[in-house]
Structures are given as C-alpha cells and as structure tokens.
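Chains, contacts and geometry: an overview
Here is what each chain is made of, one letter per residue.
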Amino acid sequence: MTKLIRYLKSLFLLELIQGLRLTGRHLFTRKVTLQYPEDKTPLSNRFRGLHALRRYANGEERCIACKLCEAVCPALAITIESEQRADGTRRTTRYDIDLTKCIFCGYCEESCPVDSIVETHIFEYHGEQRGDLYMTKEKLLAVGDKYEKQIAAARKQEAAYR
Amino acid sequence: MFEWVESIFTALPFGVQTMTLIILKIIAILLPLMLCVAYLTYAERKIIGYMQVRIGPNRVGPRGWLQPIADAVKLMFKEIIIPTNSNKYLFIISPMLSIGPAIAAWAVIPFSDGMVLADINAGLLYILAVTSVGVYGVIIAGWASNSKYALLGAMRSAAQIVSYEIAMGFALVGVLMAAGSLNLGDIIRAQSGSVLHWFWLPLLPLFVIYFISGVAETNRAPFDVAEGESEIVAGFHVEYSGMAFAVFFLAEYANMILISCLSAILFLGGWLSPLQGILPDAVMSVPVLGGILGDGLHWLLLKIAIFLFFMLWFRATFPRYRYDQIMRLGWKVFIPITIVWLLVVGVGVLAEIPPWWHKG
C-alpha cells in the first residue's frame, strides 16, 4: 500500500509541486541582500581587521618587545627586533607584520600583555604594489594613532568580558 | 516617403520582390527573438535571485536593465581561443550548427492568424526534424574540442536528447491525432472554442510530458547533466570562449523560447484568447477592447512567458537528476505513458467525444 502511494505520489509529481510552492513563496519574501558600498553590516567590537600598534596617552609606545605575539603567530607573519633604549627600557627597533601571510586569527592581540598590538575594524584596504601590504612599525603606529579613539572605545566596551 | 519606397519595390523583378519580403519578415522575427533571448538571461538571473532571497543584477543601468547589453559587449570583445589540438574546422562550425536549427524552426511558427513566415502543411514534422539537428552542434563541439570534459558532456547530451526526442515525438503524435493536421495554424484553429477546447485537457499527460521533455531537450535544469558545472565544468562548451560561447548560449535560450512557444501552440491554443466562449460576441466587436480581449499575438506571448517562467522556476527549485535516472525517466516512464495515452486519444477521436472531436 505504501508502495502504491509512493508510486502515485511520484506519478502525479506531488513532491515536485511542493518544492515549487516553496521556491514560489520565496519569490515574494523580503530580500536579504545588503547593497554593500552603500549599506554596511554592523561590526562586532571583537572584529579582527587591519592591525595597529597603540601608544599610551603620554605618547610613549606600548610595545615592550616581549615577542609573545611573534611566538604565538601561527602564520609566522610577525618579525620583531629589539634593543635597550638610553632610558633603560626595552623597545622594538623593528616590528613587521606581513599581511599577505597573516590569517587574522587574533592571537597576537590575545597574547599582548600591554594591549599594544590590536586589530581594528578596518577591512577595506588595499595595496597597489608589492610591499604595500608589508606593515612596518611606522605604518602600524600610524594606523594606531589615526584610529586610537575607535580602538579605545571598542576595548572599553569589551572590558567586562576580558 | 512610402510612395518612393513602393515605386522602387514595384520596379523590381517579381522574384526579387518575394525575396525582399521574405528577408524583411525574417528580420521582423529574428530581431525581437534575439532581444527576447538577451532579456531572458536577465529575467533568469532576476527570478532565480528573487527565489534565493537575493535581488539579482541591479547595477548596470536602472534596476540592471542594461545588464544583458553589458554581457553581450563583454563577450564580443573577448578572444575566441581555439585549443591547439582541436579540430579547427569543426570547432568553428559547431556553434553555427547549434544556432542554425534553433532559429530555423521559427519559420513555421504562427504568431497570429496568418502571421507566419512559411505556412507549410508539414509544419510539425519540420519542427521535429529541425530541432533534432541541433544535437549535432553539441556532439561536434564536444568532439572538436579534444577535451575529456567536453566529450563527456557531448556524449551525455547526445544520449539524453535522443532519448527524450522519442517521448516528445509521441506527444506530438497525440497532438496531430487530436487536431488531424500537421499544419501549426490548423492545429491552433482546431482548438478554438474556449479554454476547455484547448488540447491541454484531453492531452493532459502528453502536455506535461511534452513540456518536461522539452526542458530535457534544451539541456536545462534539472536535466542539465550535459553542462553539469559541478561535475564536468561546463560540458560540451568548456573550451569555447567569447562570441563562440555566446552563440551556444543564444542557441540554448532560443531553444527554450521555441519549446515554450510550441507548448503554447500545441496545448494552450497559441494565439487564441482564453476569454473566448466566456465573453459574449458583442464585447469582442468593440474596437480597442475587443482587440485586447480577442485572439492575437499578445496571448501567444503571454503563454510563452508563462512557460519560460516555469523553466526558470524549475531551475531555481530542482537539483540535477542523476544520469541513470534521466534515462530511466525518459525510457521507462515517459514513453509508456505516451503510448498508453495515444490509445486513449485514438479511442476518443474514433468515438468523437465532445467537445474536442465532434464532426462539424
């Protein structure tokens, strides 16, 4: 009997008609497309975009060249060299992130004891020639200086969960 | 201005006159057809997009209306790459073999009462013959490309088209038994009366089978194993680029419109108005209103559009058939059903069952 019912169902295309009804209904539903350059999705505070090096309010760079980020980086995208400064503190002389290697996992940010290396909300950037996506210390600090307000705001909102 | 054209026209020898008229008619059919093909691709992308809860192309021109134009321009400027080990002659000729029949079949399509390029009495036979030739384009393209994927796609589509041709042919036999004529115009006239007089009702299984076979015949989803982009890249036209590819594309869409048009003519009464027999004759004789509600080209176009919409709807809904299931469906389901229904139609015609088969 069930066999007969199944046979009749396929003969009269019942299940195909059900499928057609489903897609037919979707023809009239509200479309979820986001018109990208005009509309943008909201970004989480934890969004992991372009990297930046931060400074303290007095202008001193945060990074103490502990090299934890270099060690934790799974893509080996970070290169750090350091030396002792005249005032006795240890600072980096070189802090490079190769964005073509980086996988944006966020481990560098997690590992940083002084919240120096962070990932910002910037994701619409590009390089026009070879080397443009190789971020040097100067470039990273410049990004940090430019977007400090946004970075600090995001960190503040997330503070309760960290 | 018209007298000037007319004076030149009448000065021409009779043979040239006929020739000019025929060429003008061909242009009058082909230009709108090509435009329809272009905008069918746009409609396809839009409708499938809408069914997938997206909005489809909307950047080129207002609401994306210029998208097909942009696509055509892009394809025209692309290089036609001919693979080194291909058979160059066959490689070039196969797109033409593909589009030739797709366009030639339009010669016998009656668009309205008397609006037909070649009113031949073997119209249905001509259609069947010409559309069958289209498969050579596909086979030769697959062979000439000298590529495994192309050959596989060509083999699949050849087997598929040949199998479904039989079920399709039987469905057409049903129509010609019911109408008693091979002339497409006469087939439509045999359906006049009302919506219930159209052949979709007495030939319902044949109608469904004809349309499904038509979808299979044009290698459209869910029967698009010949292209099968997830398995064999693009099937028979993997190696084609630029305008050569575009010609295959044109042929596929022209065939889609042709199949829809034939379904409308054979089963839904072509140019006949669905309001015939419902509205009183007095309404039909009102100048403008009667023209809109009465028989005419616009009803045929509307019916074609409905069938085309169904084809796009199928593509948005159904997953691709497995190859052996396609063969099973064609040989073990469609052909038996059509044969049984041919018997039923035969009995119906002999018994002169009204309202379809009564002797006037």
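Presented here is a report on the structure given in the accompanying data block.

Reading guide: rules and limits
Residues numbered from 1 in each chain as written. Chains lettered and ligands numbered in written order. Predicted model: local features only at pLDDT ≥ 70, side-chain atom pairs only at ≥ 80, totals over all residues. Heavy atoms only, no water. Helix = DSSP H or I, 4+ residues; strand = E, 2+ residues; numbered from the N terminus. Rg over C-alpha atoms; globule rule 2.2 N^0.38 Å. Buried < 20%, exposed > 50% of the residue type's maximum accessible area, 1.4 Å probe, protein only. Contact = heavy atoms within 4.5 Å. Areas by Shrake-Rupley, 256 points an atom, 1.4 Å probe, with all protein chains shown as cover. Lys, Arg positive; Asp, Glu negative; His and termini not counted. Charge placed at Lys NZ, Arg CZ, Asp CG, Glu CD. Expected span 1.5 Å × (residues − 1). Buried area = accessible area lost by both parts, 1.4 Å probe. Salt bridge = Lys/Arg side-chain N within 4 Å of Asp/Glu carboxyl O. Polar contact = N/O pair within 3.5 Å; in protein donor to acceptor, adjacent residues only side chain to side chain. Nonpolar A, V, L, I, M, F, W, Y, C, P; charged D, E, K, R; others polar. Pairing = 2+ DSSP bridges. Phe/Tyr/Trp six-rings, centres within 6.5 Å; stacked < 30°, edge-to-face > 60°. Axes fitted to C-alpha atoms, helices over the stretch in contact; angles between N-to-C directions. Parallel < 35°, antiparallel > 145°, perpendicular 65-115°, else oblique.

Attention now goes to the overall build of chain B. In terms of helices and strands, chain B carries 14 helices and zero strands. Listing the helices and strands of chain B from first to last along the sequence gives α-α-α-α-α-α-α-α-α-α-α-α-α-α. The C-alpha atoms of chain B give 22 Å as radius of gyration, which agrees with the globular expectation for 360 residues (21 Å, within 12%). In terms of overall dimensions, chain B has C-alpha extents of about 65 × 60 × 45 Å along its principal axes. Counting the 360 residues in chain B, one finds 48% classified as buried. Look at the contacts in chain B between residues 6 or more apart in sequence, and 76% of them connect residues 24 or more apart. For chain B, the accessible area works out to roughly 17,300 Å², and carbon and sulfur atoms hold 73% of it. Between the averaged position of the 20 positive side-chain charges in chain B and that of its 20 negative side-chain charges there is a distance of 11 Å.

Here we take up the environment of Arg 162 of chain A. Residues and elements named next belong to chain A. Along the chain, Arg 162 turns up in the segment after helix 5 (137–158). Since its relative accessible area comes to 57%, Arg 162 is described here as exposed. Note: C-alpha distance between Arg 162 and Glu 110 (52 residues apart in sequence) is 9.8 Å.

Turning our eyes to something else, we now look at helix 8 (residues 204–217) of chain B. Residues and elements named next belong to chain B. Between its first and last C-alpha atoms helix 8 spans 19 Å; for 14 residues at 1.5 Å apiece the expected length is 20 Å, and the two agree. Taken across its 14 residues, helix 8 has eleven buried, putting it largely inside the fold. Every buried residue of helix 8 is listed here: Leu 206, Phe 207, Ile 209, Tyr 210, Phe 211, Ile 212, Ser 213, Gly 214, Val 215, Ala 216 and Glu 217. The elements touched by buried residues of helix 8 are helix 6 (148–179), helix 10 (242–267), helix 13 (297–317) and helix 14 (323–351). A positive phi of about 55° marks Asn 219, the residue just after helix 8.

So, about the interface of chain A and chain B. Listed by partner, the interface residues are 17 residues for chain A and 17 residues for chain B. In total, chain A and chain B occlude about 1,400 Å² of area from one another, counting both sides; carbon and sulfur atoms represent 72% of this. It is Leu 20, Leu 27 and Lys 31 of chain A that lose the most area in chain A upon contact with chain B, and together they represent 39% of the buried surface on that side. Summed over the shared surface of chain A and chain B, the number is one salt bridge. Between Arg 59 of chain B and Glu 38 of chain A there is a salt bridge, and its shortest N-O distance comes to 3.1 Å. Between chain A and chain B we count nine residue pairs in polar contact (both at pLDDT 80 or more) in total. Considering every element that reaches the side of chain A that touches chain B, the biggest residue donor is helix 2 (residues 14–26) of chain A, with six residues. Split into classes, the residues belonging to the side of chain A that touches chain B amount to seven nonpolar, seven polar and three charged.

Right, let's get into the sheet that holds strand 2 (residues 78–84) of chain A. Residue and element names in this part refer to chain A. Here we have three strands laid out as an open sheet, ordered 2-3-5, and antiparallel in their pairing. Both outer strands of the open sheet, strand 2 and strand 5 (134–135), are each paired with one neighbouring strand and no more. Inspection of the sheet shows strand 3 (residues 90–98) paired to strand 5 by two bridges, in the antiparallel sense. For Ile 97, the partnering residue across the bridge sits in strand 5 and is Met 135.

Residue and element names in this part refer to chain B. Applying the stated criterion to the full structure yields 19 aromatic pairs over all chains. Centroid distance Phe 310 to Phe 314: 6.1 Å. Interplanar angle 65°. Geometry classified as edge-to-face. Remark: Phe 314 and Phe 310 occur in helix 13; sequence separation between them is four residues, near one turn of the helix. For Phe 310, a relative accessible area of 29% corresponds to the partly exposed category. Look at Phe 314 and you get buried, because its relative accessible area is 12%.

Looking now at the pairing of strand 2 of chain A. All names here are of chain A. Pairing geometry for strand 2 and strand 3, over seven bridges, is antiparallel. Opposite Ser 82, over in strand 3, you have Thr 92 as the bridge partner. Here strand 2 folds back onto strand 3, and the loop between the two strands holds five residues, one of which, Gly 88, carries a positive phi near 90°.

With that settled, consider the packing of helix 2 of chain A against helix 13 of chain B. For the pair helix 2 of chain A and helix 13 of chain B, the least separation of the axes is 9 Å and the interaxial angle reads 95°. In terms of their interaxial angle, helix 2 of chain A and helix 13 of chain B are classed as roughly perpendicular. Judged by residue contacts, Gly 19, Leu 20, Thr 23 and Gly 24 of chain A of helix 2 of chain A engage Trp 313, Phe 314, Ala 316 and Thr 317 of chain B from helix 13 of chain B. A per-class count over the contact of helix 2 of chain A with helix 13 of chain B returns four nonpolar, four polar and no charged.

So, about the pattern of salt bridges. Under the definition given, this model contains 18 salt bridges over all chains. Across the pair Asp 145 of chain A and Arg 55 of chain A runs a salt bridge, and its minimum N-O distance is 3.0 Å. Taken as a pair, Asp 145 of chain A in helix 5 and Arg 55 of chain A in the loop between strand 1 (51–53) and helix 3 (68–72) lie far apart in primary sequence, 90 residues in all. Here Asp 145 of chain A falls in the partly exposed class, since its relative accessible area comes to 44%. Judged by relative accessible area, Arg 55 of chain A falls into the partly exposed class, the value being 27%. Residue Glu 44 of chain B is joined to Arg 220 of chain B by a salt bridge in which the shortest nitrogen-to-oxygen separation is 2.5 Å.

These figures capture arrangement, not role.
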